[in-house]
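Chain and residue survey
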Amino acid sequence: MSTNHADGLANVGLGLRREMLDEFCRHVPTAIEFFEVAPENWMTLGGKFGRQFKQLTEQYAFFCHGLSLSIGSPEALDSQFVHNIKRFLDEHNIDVYSEHLSYCSGTGHMYDLMPIPFTDDAVIHTAKRIKQVEDILERPFILENVSFYAAPGAQMSEVDFVNAVLQEADCKLLLDVNNIYVNSINHQYDAHAFLAAMPTERIEYLHIAGHYQQDIDLMIDTHGADIIDPVWALLQQCYQLHGVHPTLLERDFNIPKTKILLNEINQIHQYQQDALAQPSFVRKA
């Protein structure tokens, strides 16, 4: 056990949507301390939207969370796409770039995030591609644990696969708390045990979101609903296990007004402050 001096990491962010630009160019609530965007949705924007986006990136911290890098694809890495990402990051002075531990392209683009087979070969293949991306971006690569609904050809568990890729690639982790919960229901494992098995020293920041319950044993990761109590509890456990890290609220549709979003944003702030008020955190050796 050791003391975690994480005060500088007690930040809360929000995923920025285009429809928020007019409001936030006028005023950003102080509770929103950083924004996250999918670069694919913003790289080609010009005109009014482009000017508004530049205004915000000049005033606030931004993280980028990609959608279509397809880090686990069997096809060759699209290096031109990665160079385009780098230009975007450079233009807006963004250092944080994360992507999903998944793939979305093979012989064509599938417009969905597909699970990478949990195999040793996939670990080596994915890690090699991560290093290629880092070489082009000249930034650390941050990998997100993803929700998935089938595990074709699995030779190891999800938790072992995630840890193996992180270690082989020597990269950082975007820990999605909601994805842990969703997968724990869909694949019947212990969410707390999965959370505890994540490598503290690799965690760069956190995601939290709502989801849709289709059946008692089937959760769909939608980012379109309020966060439920078991996910809030898992976030609190995360802070206790791994310390306080920047935490982003994802809300991709059914987006309420900002004053409603602030309820969840302020709840995250409260949990961060509660954790920091503890005399020490349980940290991994």
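The shown structure was predicted, so the numbers you read here are calculated from the model rather than taken from an experiment.

Conventions and cut-offs
- Residues numbered from 1 in each chain as written.
- Predicted model: local features only at pLDDT ≥ 70, side-chain atom pairs only at ≥ 80, totals over all residues.
- Heavy atoms only, no water.
- Helix = DSSP H or I, 4+ residues; strand = E, 2+ residues; numbered from the N terminus.
- Expected span 1.5 Å × (residues − 1).
- Buried < 20%, exposed > 50% of the residue type's maximum accessible area, 1.4 Å probe, protein only.
- Contact = heavy atoms within 4.5 Å.
- Salt bridge = Lys/Arg side-chain N within 4 Å of Asp/Glu carboxyl O.
- Pairing = 2+ DSSP bridges.
- Axes fitted to C-alpha atoms, helices over the stretch in contact; angles between N-to-C directions.
- Phe/Tyr/Trp six-rings, centres within 6.5 Å; stacked < 30°, edge-to-face > 60°.

Focus on helix 9 (residues 258-277)
Helical periodicity: at 3.6 residues per turn, an α-helix aligns residues three or four positions apart in one direction. The terminal C-alpha atoms of helix 9 lie 28 Å apart, and with 20 residues this matches the ideal 28 Å at 1.5 Å per residue to within 8%. If you check which residues of helix 9 are buried, you get T258, L261, L262, E264, I265, I268, H269, Y271, Q272, A275 and L276. The secondary structure elements touched by the buried residues of helix 9 are strand 1 (12-15), helix 1 (21-26), strand 9 (203-209), helix 8 (229-242) and strand 12 (247-250).

Section: the pattern of salt bridges
As enumerated under the stated definition, the model contains 6 salt bridges in all. The salt bridge partner of K48 is D22, with a shortest N-O separation of 3.3 Å. Highlighted residues: K48 in helix 2 (residues 47-59) and D22 in helix 1, separated in sequence by 26 residues. Residue D22 is classed as partly exposed on the basis of its relative accessible area of 36%. Linking D90 and K86 is a salt bridge whose minimum nitrogen-to-oxygen distance equals 3.0 Å. Taken together, the residues D90 and K86, both in helix 3 (residues 79-91) and 4 residues apart, mark about one turn of the helix. By relative accessible area, which is 16% here, K86 ends up buried. Connected through shared salt-bridge partners, K86, D90, E138 and R139 make up one network.

What about the sheet that holds strand 8 (residues 172-176)?
The parallel closed barrel is built from 8 strands, whose spatial order is 1-2-3-4-7-8-9-12. If you compare each strand with its neighbour and ignore which way they point, the axes differ by 30° on average. Sheet topology places strand 1 next to strand 2 (residues 34-37); 3 bridges connect them, and they run parallel. Residue pairing across strands places L14 opposite F35, the latter belonging to strand 2. Of the strands in this sheet, strand 7 (141-144), strand 8 and strand 9 touch helix 6 (residues 177-186), which is tilted by about 60° from strand 8.

Details of the pairing of strand 8
The side chains of a regular strand alternate, first on one face of the sheet and then on the other. Judged by how many residues are buried, strand 8 sits mostly within the fold: 4 of 5 residues are covered. The pairing of strand 7 with strand 8 spans 3 bridges and is parallel. Across the sheet, the residue bridging to I142 is K172, located in strand 8.

Here we look at the packing of aromatic side chains
What the rule picks out here adds up to 12 aromatic pairs. These aromatic residues form a ring-pair network of at least three members: F24, F35, W42, F53, Y60, F62 and F88.

Considering helix 4 (residues 120-137)
Here helix 4 spans 26 Å end to end across 18 residues, near enough to the 26 Å set by a 1.5 Å rise per residue. Within helix 4, the full set of buried residues consists of A122, V123, T126, A127, R129, I130, V133, E134, I136 and L137. Of the surrounding elements, those touching the buried residues of helix 4 are helix 3, strand 4 (96-100), strand 7 and helix 5 (158-169). One or two positions beyond helix 4, positive phi appears at E138, with a value near 55°.

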